[in-house]
Amino acid sequence: MNLKNLFVYPKLPDNLSKLQSLAYNLWGTWNYEAIRLFYRIDAQLFRAVNHNPIQFLVNLPSQRIAQLAEDRGFLFELERVWARFQEYLQYDSQFQIGTGTAGPQSRSSAIGNPVLGPTDTIAYFAMEFGLHECIPTYSGGLGVLSGDFLKASSDLNLPVVGVGLIYKYGYFTQHINMKGEQEEQFIEFDNHLVPLHEVRNPEGGKGTPNAESGVGDPKAYIEMSILGQPVQIKLWQIDVGKIRLLLLDTDLPENPPHLRDITYELYVSDRAKRLQQELVLGIGGVRALERLRIMPQIYHINEGHAAFLILARLQKLMRENGMSFLEAKALIRASTVFTTHTPVIAGNENFDAEMVKEYIENDVRTLGLSFEDLASDAYINHEEKTFWLPALAIRFSRYVNAVSRMHRDVSRQMWAGLFPHMAPIELPIDYVTNGVHHSWLSEPVAELLSRYIGPDYVRCDSKSNRWDGAFTIDDEEVWRAHHENKLSLITFVRKKLADDLTGRGYIQSKILKLTRALNPEYLTIVYARRFARYKRATLLLRDKDRLAKILTNTTQPVQLLFAGKAHPADTVGKSMIKEILDFAREHQVEDRVVFLENYDINVARHLAWGADVWLNNPVRENEASGTSGMKAGMNGVLNLSVLDGWWPEGYTGRNGWAITGAEYDHQFEMQEAAEAEQIYDLIEDEITELYYDRNEAGVPVRWVQMMKESISSICCQFNMNRVLADYADKFYGPSRTLAKELSRDNYGVLRRTVRNGQELLANWDKIVVTGFSTSVDASDVVTEGQHVEVTCRVDLHGAPAGLLAVELFYMLSEQNERKIVPMRPKNAAETSGVFGCAFDIDGRGQLSMNARIRPASPILQDLYPDLVKWAQ
């Protein structure tokens, strides 16, 4: 028997209809006035549904709804919040390239900067989006970063549309059993009970026929093929302020079970199923945009998961626009940004090449290409067994970035094999250090910033003099705000811990004892992140006896809060969780060491607000960026961190502490021992001393000064507004300009450039750089400021000289930057032969230089990075 299923929502009176509109837009989940409005209705219920505004309204008793409709005070507050919401939606200043803002704030104060307007849409693809604790579309930091990106884009009117997947079970729900072992539970989520809605057909007519009734459905669907079988994909939408997030869903009755489950689980372990997910995200995501008549000018790929959008774009450009493969590739490169978030090669998404071939070969062949024509761009060092999605994305993206300065250097080393003829410093991987959205500020700190910096800080750029206002806040006000956050954290932890311990089977008397022991006056150190070997959650436990003494110090006590999930397949990560719980029990410090189950956005929010110290101790060069420390730091929480990821850029010596240990090359155990020792020393000799050193008003003045330094420096440099500015300045603006240039004259510029490239390829093997010499070759001493003349000989053997550039590459070790000097024919009548140039040495240190020849066109240099010949 087939039954038609419909979801029935409560009917709100007309004067409460605005409440429902607020519930369906995520602005209401980060605006404190809106949040207070929902708490006013029924605080206990709002907490019980995990702050989910839709489920809250569904569960709200009819009697309470009727009361609200007659409550003049509530209706007044609703109108006030609604007015704020409308003011937010109507803010229409366009995002300015070169200023990083939408509106009067400006980094460059330039007038007439180009803008990114509504037609310059950026399609932002990601496997996960962490927007709110009630929406199961994230697992951790990458998802929260994507969510923050959309929120800030809404604040600043950056024309972005998000594209991702909706998951029936989300990421797993963590449970810790009586033995201290992690167990995974997969809880089904009902899409009708979270703030998202089904997308309607843009034309407003009938859509895909419903399989049960045969009647046209006005909802928007797309269709794609997986191994020759059609897959129906439903489109959902989340409204993130003014930004649309499109989510694709295969969990439909029309699909067979083995395809219906594609969007069941985030980061599913089954490799074939993961590949199917990423085909749906990439290819299906592009088709969803087309279905809704959204025409992005720029595509932003986050990690390799969405790299198959390249195949979808090739299909469109080659079939509909009649482009060749190289023409389509050049245009895709010009309009694509790829962000790598992973610092370890093994952590990058890859599949067995034969598996990928099975799934996409037919689609590739319809373009007149062989599988190898495309797959060769996904191989590393010509190894043809593994299909690397990041390699494919890098080779089809003109704009590639890491997520911190240190991560850029690591990524250049990691992906150097893709560019064998390039100097390491020229590898086309830049960086944009991550940041966080202002919604991670606690309400007490946000109020202080509004009063002392101005309420428009939410759209503020990274001008340091603006954020210096944090230093003018009275010490007692800062400490009072922090104490309020800490009391909130302790209350939250006690309630959650009671629930967690009840779930583990603890007796009530033991639960009561443990939850009462937490003290808001004790120094509280938090470690909260994914549990993986390189993140070293248990480094602090290296000397358990010493740690126990630190925790139980009678005059300067310390308490530790841990939170985080280990991937279901990560036995090492799971063992770390158990080690922490075993330590607490065996050393009788369960009242000082607490592990919070099921780390999510709500848990993260309370920890980042109320901690005193935020601990981060990964193996160096293994943390791409990290953002949890930023969230804590902008609330005045002091970071204690290894100099990795974002912290080398954030650490000032006055806003926290750096874990440096000692450098032991290839001596991992000795390095860990030194770092653990330093952590203990810092806690005992400096951190606790500063924290417990109070004035007559009970304020730790020196500690508060560091808190102000943390708030000012991290809000200034690591807010998401600065991140958007960097992307716009470095990538989006140049991408739009280049793509428009290639499209000029009905793609005539593009086609001429590709023809020139083909001519160069045909003659490339004939070109030889036969000699290279300088005027200082025989000098015993070379000094700063010395004039250097350079000569090289080139034999073109009939290659088109006008398409080539001969140049000198040189760099000084102390400057860590390269310089390029054009070389001209010594005889102006010649187009090949002897070339020369001269320069004055500007600096000191080791001078490295050589002559090379490569395409003269920057577009061809980009399209053919291997077309470089150096003097021998």
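Refer to the preceding data block for the structure.
Conventions adopted
- Residues numbered from 1 in each chain as written.
- Predicted model: local features only at pLDDT ≥ 70, side-chain atom pairs only at ≥ 80, totals over all residues.
- Heavy atoms only, no water.
- Helix = DSSP H or I, 4+ residues; strand = E, 2+ residues; numbered from the N terminus.
- Rg over C-alpha atoms; globule rule 2.2 N^0.38 Å.
- Buried < 20%, exposed > 50% of the residue type's maximum accessible area, 1.4 Å probe, protein only.
- Contact = heavy atoms within 4.5 Å.
- Lys, Arg positive; Asp, Glu negative; His and termini not counted.
- Charge placed at Lys NZ, Arg CZ, Asp CG, Glu CD.
- Pairing = 2+ DSSP bridges.
- Phe/Tyr/Trp six-rings, centres within 6.5 Å; stacked < 30°, edge-to-face > 60°.
- Lys NZ or Arg CZ within 6 Å of the ring centre and 35° of its normal.
- Salt bridge = Lys/Arg side-chain N within 4 Å of Asp/Glu carboxyl O.
- Arc of directions from axis to C-beta.
- Polar contact = N/O pair within 3.5 Å; in protein donor to acceptor, adjacent residues only side chain to side chain.
- Core = buried A, V, L, I, M, F, W, Y, C linked by side-chain atoms within 4.5 Å.

(A) Broad picture of the overall build of the protein chain. Check the secondary structure of the protein chain and you find 28 helices and 31 strands. For the protein chain, whose C-alpha radius of gyration is 29 Å, the value lies close to the compact-globule estimate of 29 Å for 872 residues. Seen along its three principal axes, the alpha-carbon backbone of the protein chain occupies a region of about 90 × 75 × 55 Å. Burial status across the protein chain gives 59% buried among its 872 residues. The long-range fraction of contacts in the protein chain, counting pairs at least 24 apart against all pairs at least 6 apart in sequence, stands at 72%. Separation between the mean location of the 92 positive side-chain charges and that of the 111 negative ones in the protein chain comes to 4 Å.

(B) Seen up close, the sheet that holds strand 27 (residues 817-822). Strand order in the open sheet made by the 4 strands is 27-26-30-31, with antiparallel pairing throughout. With partners counted over all chains shown, the strands left at the sheet margins are strand 27 and strand 31 (869-870), one partner each. Two strands pair when backbone bridges link them, and strand 30 (residues 847-855) and strand 31 are joined in this way by 2 bridges, in the antiparallel orientation. Bridged to Ile853 within strand 31 is Lys869.

(C) Examining the packing of aromatic side chains more closely. For the coordinates displayed, the defined rule picks out 35 aromatic pairs. Between Trp646 and Trp647 the ring centres are 5.1 Å apart and the planes differ by 65°, which places this aromatic pair in the edge-to-face class. Seen from their ring centres, Trp647 and Tyr651 are 5.4 Å apart, and the 45° between their planes marks the pair as tilted. The exposure class of Trp647 is buried, given its relative accessible area of 0%. Taken together, the ring pairs connect Tyr124, Phe129, Phe149, Tyr399, Tyr727, Phe731 and Tyr732 into an aromatic cluster. In this arrangement the basic side chain of Lys329 is found over the ring face of Phe396, its NZ or CZ atom lying 5.2 Å from the centre. Seen from the ring of Tyr431, Lys730 lies directly overhead, with NZ or CZ sitting 4.5 Å from the centre.

(D) Up close: the pattern of salt bridges. Throughout the structure, instances matching the rule amount to 57 salt bridges. In this structure, the salt-bridge partner of Glu590 is Lys510, at a minimum N-O distance of 3.5 Å. Placement of the pair is Glu590 in the loop between helix 21 (571-586) and strand 20 (593-596) and Lys510 in helix 19 (residues 508-517), with a sequence separation of 80 residues. Look at Glu590 and you get buried, because its relative accessible area is 18%. Its relative accessible area of 29% is what places Lys510 among the partly exposed residues. Connected via shared salt-bridge partners are Arg533, Arg536, Arg542, Glu669, Glu672 and Glu675.

(E) Representation of the pairing of strand 25 (residues 787-795) within the structure. Of the two faces of strand 25, the one holding Val788, Val790, Cys792 and Val794 is buried and the one holding His787, Glu789, Thr791, Arg793 and Asp795 is not buried anywhere. Two strands pair when backbone bridges link them, and strand 24 (residues 768-774) and strand 25 are joined in this way by 6 bridges, in the antiparallel orientation. Residue pairing in the sheet places Gly771 in a bridge with Arg793 of strand 25. In the sheet, strand 25 pairs with strand 29 (residues 833-840) via 8 bridges, with the strands oriented antiparallel. Bridging from a neighbouring strand, Val794 pairs with Gly833 of strand 29.

(F) Highlighting unusual backbone geometry. Positive phi, close to 55°, is recorded for Asn381, a residue that is not glycine. For Asn381, the position within the fold is in the loop between helix 13 (371-375) and strand 15 (386-388). Judged by its relative accessible area of 55%, Asn381 is exposed. Residues other than glycine seldom take positive phi values, yet Asn746 does so here, at roughly 55°. Locating Asn746 in the fold gives a position in helix 27 (residues 720-763).

(G) Expanded view of helix 19. The complete set of buried residues in helix 19 reads Ile511, Leu514 and Thr515. For helix 19, the angular spread of buried residues about the axis comes to 95°, placing them on one side. Across helix 19 from its buried face, at more than 90 degrees, point the exposed residues Ser509, Lys513 and Arg516. Looking at the packing, one finds that the buried side of helix 19 touches helix 18 (475-504).

(H) Geometry of the environment of Lys486. With respect to the helices and strands, the residue Lys486 is situated in helix 18. As a C-alpha pair, Lys486 and Thr173 span 313 residues in sequence and 26 Å in three-dimensional space. If we ignore the near neighbours within four places in the chain, the residues touching Lys486 are Pro520, Glu521, Tyr522, Leu523, Thr524, Gly610, Asp612 and Tyr691.

(I) Spatial organisation of the side chain of Arg852. The topology assignment puts Arg852 in strand 30. Among the polar contacts made by the side chain of Arg852, one reaches the side chain of Glu426 at a distance of 2.6 Å. A distance of 2.8 Å separates a polar atom in the side chain of Arg852 from a polar atom in the side chain of Glu807. Other than its neighbours up to four places away in sequence, Arg852 contacts Glu426, Ala805, Val806, Glu807, Phe809, Ile820, Val868, Lys869 and Trp870.

(J) Molecular detail of the nonpolar core. Phe125, Phe149, Leu314, Ile360, Phe387, Leu607 and Tyr732 are the most contacted members of the largest nonpolar core, which has 237 residues in total. Tallying contributions element by element places helix 27 first for this core, with 13 residues. In this structure, Phe149 is in contact with Tyr124, Leu158, Val160, Met720, Leu724, Tyr727 and Tyr732, ignoring residues within four places of it in sequence. Trp479, Ala481, Val613 and Leu640 belong to the second-largest nonpolar core, a separate cluster that totals 51 residues.

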